[in-house]
Amino acid sequence: MNVRGAVASGLSSVRLRATLAATLVVALALGVTAVVLVTALRGSLESAAGSEAARRAVAAVPYVREGQAVPATEPAPAMVAVAPGDTVLTGARAGTTVMEEPGDRVRGIDGADVVVATTGAPATSWAEPGHYAVAAVDVATSEGQATVWARVSLDGARQALATLNGVLLPGVPALLLVVAGMTWFSVGRALAPVAAIRAKVADITARDLHQRVPVPRSGDEIAALATTVNGTLDRLETAVERHKRFVADAAHELRSPIATLRARLELARPSELTAEALADVERLQTLAGDLLLLARLDAGEPLRADDLDLGQVAAEEAVRARRRPEVRLELDVEPDVVVQGSRGHLARLVTNLVDNAVRHAAGRVEVRVRSRDGRAVLEVFDDGPGVPPEQREAVFDRFTRLDEARARDAGGAGLGLPIARDIAALHGGTLAAVDGGFAASFPAASPSAARVVPAVAAGRRPPVRRPGRRAAGKPSRSPGG
């Protein structure tokens, strides 16, 4: 799988999507809540400061009306009369100076929170917007109409908002991390039974349909899913077992009448018709035997394994295989290539591969046995048209025959290669189509336990090539396509 596929697979995970969705929802909720909270708090603090400024201005009105100073017990600073008929101010600090605005009689003192102006308004620097809340109250004095101006600093509001932001800025991401972690953990625990079910279903094959997926004790929808899957496996196992029994019984029952029919044809007067019928009966007999063997392989019968010399088995069975007169058989066998397995099964594998190669070869079939990286490798090549790369897996399907490149095939039923692959898998090996033929690989065993018997061909022996040597009188040729 490439990187893009791995990323796409990771993003399609239910666990990841649930975590992202929960984190996004909580993030939106916290974001909206934080904005509303900050806005409401700012408005509340500014409104409180404005109310306090209005209270101070109203509290100073009686004293301004009589030209008196505000008592020191008032929450507002003491009011000070600068001069008779001039502006009255409060909150003056000792040592401050009186400043007169050009063009009017408004005066200010640094630090004053309440100012009484006979005309105009206090300077902007006295109550900068955003730094102070300001309130004004008109009052009639002995000198005429005046305005009481009061201010309240907004520093406390800014400090409160700064404290709130200091809590929200690190707190919201930390809370999102907690939510993401808890969601990831919770969804992972909830989906753990699903992963176990998936792993078990992926491990179940046609050979071990008796296995069942684990059913969690939660009693939720996942437990119901596991129960349903097990029910489906029960029905599937029953159907497969019936199919296997039918194939085995049919193949077994066909062997006796086919053998009787063959015997009668062999005893009949020779003719072209009896020869053709005998050939068809032989094909039926082979097909019945293949079906019976497939049924046994599918049934998973225990394998009686012995230490065998794979080269010896390959040489003996390759010699016994039926060949066309124009096809030459070559052997390239390394000694002491030992495997553990069934002599009959491995012989059938070699026979099927060699028969397949002989049917499709133009003039040469080569059988190789060698040890490679701790594996025993059997290769069967022919110089025929070969199997197209796009169909190298399809040839192992049962009853599959290629029509174009295999037009010379007149005797196969499409079961030889599937049987060979099942035998290879039964021995812990593999069988695959390669350029020029087929290659089987098996786990190698120790050569000391194998009993090597010279391969004997009845009345004839094909040329056997050892590594690095050619068969006498035969030019070296590479395997055909």
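Because the structure is a prediction, the values reported are computed rather than measured. Going along each chain's sequence as written, the residues are numbered from 1 onward. Owing to the predicted nature of the model, reporting of local features is limited to residues with pLDDT of at least 70; listing and counting of side-chain atom pairs is limited to 80 or more, with chain, interface and lining totals taken over all residues. Neither water nor hydrogens contribute to the side-chain values; these are computed over all heavy atoms in the structure.

K.L.:
Explain the overall build of the protein here, please?
P.N.:
Within the protein, the secondary structure is distributed over eight helices and 15 strands. Burial analysis of the protein (481 residues in total) assigns 36% to the buried set. Every residue pair with non-hydrogen atoms within 4.5 Å of one another is taken to be in contact. Counted over contacts in the protein with a minimum sequence separation of 6, partners at least 24 positions apart contribute 62%. Using a 1.4 Å probe, accessible areas were evaluated by the Shrake-Rupley method; residue-level cover was limited to the displayed protein chains. Just so you have it, the protein exposes about 27100 Å², and 58% of that area is on carbon and sulfur atoms. Segments assigned H or I by DSSP are reported as helices when at least four residues long, segments assigned E as strands when at least two residues long, and all are numbered from the N terminus. When a residue's accessible area, from a 1.4 Å probe over protein chains only, is under 20% of the maximum for its type it is buried; when over 50% it is exposed; and in between it is partly exposed.

K.L.:
Which parts of the structure should I look at to understand the packing of helix 6 (residues 310-320) against helix 7 (residues 343-360)?
P.N.:
Relative placement of two packed helices is described by the angle separating their axes and the distance separating the axes. For the pair helix 6 and helix 7, interaxial distance at closest approach is 9 Å and the crossing angle is 50°. In terms of orientation, helix 6 lies oblique with respect to helix 7. Crossing of helix 6 against helix 7: the hand is right-handed. In contact with V313, A314, E316, E317, A318 and R320 of helix 6, helix 7 contributes R343, L346, A347, V350, T351 and V354. Broken down by class, the residue content of the contact of helix 6 with helix 7 amounts to seven nonpolar, one polar and four charged. The axes used here are C-alpha line fits, helices contributing only the stretch in contact, and every angle between their N-to-C directions lies in the interval 0 to 180 degrees. If an angle is under 35 degrees, it is roughly parallel; if it is over 145, roughly antiparallel; if it lies from 65 to 115, roughly perpendicular; otherwise it is oblique. We call a crossing left-handed when the near helix sits turned anticlockwise from the far one by less than a right angle, and right-handed when that turn is clockwise. Three categories are distinguished: nonpolar for Ala, Val, Leu, Ile, Met, Phe, Trp, Tyr, Cys and Pro, charged for Asp, Glu, Lys and Arg, and polar for the others, with Gly belonging to the last.

K.L.:
Would you mind going over the packing of helix 7 against helix 8 (residues 416-426) with me for this structure?
P.N.:
Between helix 7 and helix 8, the least distance of the axes is 9 Å, while the angle of their chain directions is 145°. Considering the relative orientation of helix 7 and helix 8, their crossing is left-handed. Between helix 7, through H345, L346, R348, L349, N352, L353 and N356, and helix 8, the contact on the second element is made entirely by G416, L417, I419, A420, I423, A424 and L426. Of the residues that constitute the contact of helix 7 with helix 8, the class distribution is nine nonpolar, four polar and one charged.

K.L.:
Would you mind going over unusual backbone geometry with me for this structure?
P.N.:
Where the residue is not glycine, phi is negative for most of them; where a peptide bond is considered, it is trans in most cases. We note that D336 has phi near 60°; this positive angle belongs to a residue other than glycine. Structurally, the position occupied by D336 is in the loop between strand 9 (328-333) and strand 10 (338-341). Located in the positive-phi region is D373, a residue other than glycine, with phi close to 55°.

K.L.:
Looking at this structure, I do not really get the pattern of salt bridges. What am I missing?
P.N.:
Any two side chains of opposite charge can pair, on the condition that their charged atoms come close. Salt-bridge detection follows one rule: a side-chain nitrogen of Lys or Arg within 4 Å of a carboxyl oxygen of Asp or Glu. Scanning the entire structure with this criterion turns up 21 salt bridges. In this structure, the salt-bridge partner of R158 is D155, at a minimum N-O distance of 1.9 Å. Here R158 and its partner D155 are both found in helix 3 (residues 155-203), three residues apart, which amounts to about one turn of the helix. Look at R158 and you get partly exposed, because its relative accessible area is 35%. The shortest N-O distance in the salt bridge between R398 and D422 comes to 3.2 Å. Residue R398 is found in the loop between strand 12 (375-382) and helix 8, and its partner D422 is found in helix 8; the two are separated by 24 residues along the sequence. By relative accessible area, D422 is classed as buried at 15%. Members of the salt-bridge network, linked through shared partners, are R328, E330, R364, E366, R368, R372 and E379.

K.L.:
Which parts of the structure should I look at to understand the pairing of strand 12?
P.N.:
Within a regular beta strand, the side chains point alternately toward one face of the sheet and then the other, so they alternate between its two faces. With seven of eight residues buried, strand 12 is to be regarded as a mostly interior element. When DSSP finds two or more bridges between a pair of strands, those strands are recorded as paired. Across eight bridges, strand 11 (residues 364-372) lies against strand 12 in antiparallel orientation. Across the sheet, the residue bridging to E366 is F381, located in strand 12. Here strand 11 folds back onto strand 12, and the loop between the two strands holds two residues, one of which, D373, carries a positive phi near 55°. Relative to strand 14 (residues 437-443), strand 12 is paired through seven bridges, and the arrangement is antiparallel. If you follow F381 over to strand 14, its bridge partner there is G437.

K.L.:
Help me understand the packing of aromatic side chains, please; the structure alone is not making it clear to me.
P.N.:
The way to describe two aromatic rings as a pair is by their centre distance and the angle between their planes. Aromatic rings from Phe, Tyr and Trp, taking only the six-membered ring of Trp, are treated as a pair when their centres fall within 6.5 Å; an angle between ring planes under 30 degrees marks them as stacked, one over 60 as edge-to-face, and anything in between as tilted. Scanning the model with the defined rule gives one aromatic pair in all. When the centroid spacing of 6.0 Å and the interplanar angle of 85° are considered together, the rings of F396 and F438 count as edge-to-face. Separated by 42 residues along the polypeptide, F396 in the loop between strand 12 and helix 8 and F438 in strand 14 bring together distant segments of the chain. The pair formed by F396 and F438 is uniform in burial state, with each residue classed as buried. Note on geometry: a ring has a charge over it if NZ (lysine) or CZ (arginine) is within 6 Å of the ring centre and within 35 degrees of the ring normal. Directly above the ring of Y132 sits R151, whose terminal nitrogen or CZ lies 4.4 Å from the centroid. Over the face of the ring belonging to F396 we find R421, whose NZ or CZ atom lies 3.8 Å from the ring centre.

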